[in-house]
Amino acid sequence: MNKEEWKKSIIEGLKEVYDPEIPINIVDLGLIYDLKISDDGEVYIRVGATTPACPVTEDIVYTVDQVIKERVPAKKINVDLDLETQWTPLMMTKEGREEFKRKYGYDIVQQWAETYGIELNENKS
């Protein structure tokens, strides 16, 4: 068992799982808060939601569990749904941010930063 290959395979599969509120995959939205694989083949993943009031959180948990089962021969899978950590657009990956800009025509990360007075540490060339 190669834990890094397992992680890569799981993340690749999770890029096919889309948030129901924002049609971007849960990886690029930054909703995968933790992913651990034990030496004996147990997988722990902590997943968030864009809003704690999301009506399909149980569907997300089920889908994440199924993706892991399809991707790796884990002995045990624990999908922990974290509704305490507040998601913000600042958690998005660069790919997620670009996809959002293509779909909606504006930069949600920039808008969020301006709204809340947050300075973005971005390389400007």
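Residues numbered from 1 in each chain as written. Predicted model: local features only at pLDDT ≥ 70, side-chain atom pairs only at ≥ 80, totals over all residues. Heavy atoms only, no water.

Attention now goes to the packing of aromatic side chains. Taken as a whole and judged by the stated rule, the model has 3 aromatic pairs. On the numbers, 4.5 Å between centres and 45° between planes, the contact of Trp112 with Tyr116 is tilted. Residue Trp112 and its partner Tyr116 are located together in helix α4 (residues 108-116), separated by 4 residues, close to a single helical turn. Ring pairing ties together the aromatic residues Phe100, Tyr104 and Tyr106, which thus form one cluster. (Phe/Tyr/Trp six-rings, centres within 6.5 Å; stacked < 30°, edge-to-face > 60°. Helix = DSSP H or I, 4+ residues; strand = E, 2+ residues; numbered from the N terminus.)

Our next topic: the pattern of salt bridges. All told, the structure shown has 9 salt bridges when counted by the stated rule. A salt bridge links Glu12 to Arg71; its shortest N-O distance comes to 3.2 Å. Separated by 59 residues along the polypeptide, Glu12 in helix α1 (residues 3-14) and Arg71 in helix α2 (residues 57-71) bring together distant segments of the chain. Its salt-bridge partner being Arg97, residue Asp107 comes within 2.6 Å of it at the nearest N-O pair. On the criterion of sequence distance, the pair formed by Asp107 in the loop between α3 (94-104) and α4 and Arg97 in helix α3 is long-range, its members being 10 residues apart. For Arg97, a relative accessible area of 14% translates into the label buried. Among the charged side chains, a salt-bridge network with shared partners connects Arg97, Glu98, Lys101 and Asp107. (Salt bridge = Lys/Arg side-chain N within 4 Å of Asp/Glu carboxyl O. Buried < 20%, exposed > 50% of the residue type's maximum accessible area, 1.4 Å probe, protein only.)

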